[in-house]
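Each chain, written out:
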Amino acid sequence: MDIIEKLTEVFKEFPGIGERQARRFVYFLMSRNGAYSENLSGLILDLKKEVAQCKECFRFFIPTQKVGTPTSSKSVGVCEVCLNADSSSLMIVEKDSDLESVKKSRVYNGKYFILGGLVPIVEKNTKSRVRIEELKKKIGSSPKSDLGEIILAFSLSPQGDHTDTYVRNELKEITEKQNIKISSLGKGLSTGTELEYSDNDTLKNALKNRQ
Ligand SMILES: [Zn+2]
């Protein structure tokens, strides 16, 4: 495999990028000067250094407190969304960009959890694809009186529906024991709607009509 093929394979792993687009990226990089590539590779390395993953919701965020600043032990590794959220509800979303769009709409002020993907309909080893064990642990360990409702907010697609059913089944035992209500946001969205691209009114309605 030559360098062009190797880099094409890397870009093909990006969301929504196919062989042809991946190859175009490689040719684009070749046409740029050395400083461009240096800047790009530096930024990619810095991204890993500067971004943290929240221990509560698994969201990626840039910590406002730099290393060396006195912090309370509770805030270390927890993002500002989790620190300021109302802990009576927990919304489960597929990915970071879903959380960002719901957060931006200001229609919901509870906690979040990023599942890390949808569960494919034909999938034998589901547990390796999504954070279901982490989710169970989180709910199982939350104080009984605190959490009253879990809102499943996946896109209205066959895979989103499948994930909804899967998560409901997996959480059934814990939620019944702790008397936590589970609702789905999807019913208020139209078919094929991506949470990520929903506007404020759509989200507001979806949240109001959740069932
Ligand atoms: Zn968080």
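It is at 10 Å that the axes of helix H6 (residues 132–141) and helix H7 (residues 158–178) come closest, and there the two elements cross at 15 degrees. When the axis of H6 is compared with that of H7, the two are roughly parallel. Note on packing geometry: the crossing formed by H6 with H7 is right-handed. Residue-level inspection shows Ile132, Leu135, Lys136, Ile139 and Gly140 of H6 in contact with H7, the latter providing Tyr166, Val167, Glu170, Leu171, Ile174 and Gln178. Among the residues making up the contact of H6 with H7, the classes are represented as 7 nonpolar, 2 polar and 2 charged.

Let's shift gears to the coordination of the zinc ion. For the zinc ion, every protein donor is listed as Cys54 (SG), Cys57 (SG), Cys79 (SG) and Cys82 (SG), and the spread of their distances is 2.3 to 2.4 Å. Here the donor residues of the zinc ion share one chain and are spaced in sequence as C-x2-C-x21-C-x2-C. In this pair, cysteine 54 is assigned in the loop between strand E1 (52–53) and strand E2 (60–61) and cysteine 79 in the loop between E2 and helix H4 (80–84), connecting sequence segments 25 residues apart. The exposure class assigned to cysteine 54 is buried, which follows from its relative accessible area of 1%. On the basis of relative accessibility, which here comes to 0%, the residue cysteine 79 falls in the buried class.

Turning next to the packing of aromatic side chains. According to the stated counting rule, one finds 5 aromatic pairs in the structure shown. Taken together, a centroid distance of 5.3 Å and an interplanar angle of 90 degrees make the contact between phenylalanine 11 and phenylalanine 25 edge-to-face. Here the residue phenylalanine 11 occupies a position in helix H1 (residues 3–12), and phenylalanine 25 occupies one in helix H2 (residues 19–31), the gap between them amounting to 14 residues. Classification of phenylalanine 25 as partly exposed rests on a relative accessible area of 34%. Joined through ring pairs, the aromatic side chains of Phe11, Phe14 and Phe25 make up one cluster. Over the aromatic face of tyrosine 36 sits the side chain of arginine 32, whose NZ or CZ is 5.1 Å from the ring centroid.

Here we take up the packing of H1 against H2. Running from amino to carboxyl end, H1 crosses H2 at an angle of 125 degrees, the nearest separation of the two axes being 8 Å. Taken together, the axes of H1 and H2 are oblique relative to one another. Here the hand of the crossing between H1 and H2 comes out right-handed. Listed contacts from H2 to Ile4, Glu5, Leu7, Thr8, Phe11 and Lys12 of H1 are Glu19, Ala22, Arg23, Phe25, Val26, Tyr27, Leu29 and Met30. Tallied by class, residues from the contact of H1 with H2 come to 9 nonpolar, 1 polar and 4 charged.

Note on placement: arginine 131 falls in the loop between strand E4 (110–114) and H6. Summary of buried charges: arginine 131 has no salt-bridge partner, and the nearest side chain of opposite charge, glutamate 134, is 5.2 Å away. Filtering out sequence-adjacent residues up to four positions away, arginine 131 remains in contact with Gln53, Phe58, Phe113, Ile114, Leu115 and Gly116.

The backbone of phenylalanine 58 shows a phi angle near 70 degrees, a positive value even though the residue is not glycine. Residue placement: phenylalanine 58 occurs in the loop between E1 and E2. Overall, the relative accessible area of 19% leaves phenylalanine 58 in the buried class. Of note in this structure, arginine 106 is not a glycine but carries a positive phi near 60 degrees.

Another aspect to go through is the sheet that holds E4. Judged by pairing direction, the sheet is parallel, and its 4 strands sit side by side in the order E4-E3-E5-E6 without closing on themselves. Both outer strands of the open sheet, E4 and strand E6 (181–184), are each paired with one neighbouring strand and no more. For this sheet the average axis-to-axis angle between neighbouring strands, irrespective of direction, equals 25 degrees. Examined bridge by bridge, strand E5 (residues 149–153) and E6 share 4 bridges and lie parallel to one another. Its bridge partner being in E6, leucine 152 is matched across the sheet by serine 184. Of the strands in this sheet, strand E3 (86–93), E5 and E6 are in contact with H7, which crosses E6 at around 170 degrees.

Reading guide: rules and limits
Residues numbered from 1 in each chain as written. Predicted model: local features only at pLDDT ≥ 70, side-chain atom pairs only at ≥ 80, totals over all residues. Heavy atoms only, no water. Axes fitted to C-alpha atoms, helices over the stretch in contact; angles between N-to-C directions. Helix = DSSP H or I, 4+ residues; strand = E, 2+ residues; numbered from the N terminus. Parallel < 35°, antiparallel > 145°, perpendicular 65-115°, else oblique. Left-handed = near helix turned anticlockwise from the far one by under 90°. Contact = heavy atoms within 4.5 Å. Nonpolar A, V, L, I, M, F, W, Y, C, P; charged D, E, K, R; others polar. Donors = N, O, S within 2.8 Å, 3.2 Å for Na, K, Ca; no water. Buried < 20%, exposed > 50% of the residue type's maximum accessible area, 1.4 Å probe, protein only. Phe/Tyr/Trp six-rings, centres within 6.5 Å; stacked < 30°, edge-to-face > 60°. Lys NZ or Arg CZ within 6 Å of the ring centre and 35° of its normal. Lys, Arg positive; Asp, Glu negative; His and termini not counted. Salt bridge = Lys/Arg side-chain N within 4 Å of Asp/Glu carboxyl O. Pairing = 2+ DSSP bridges.

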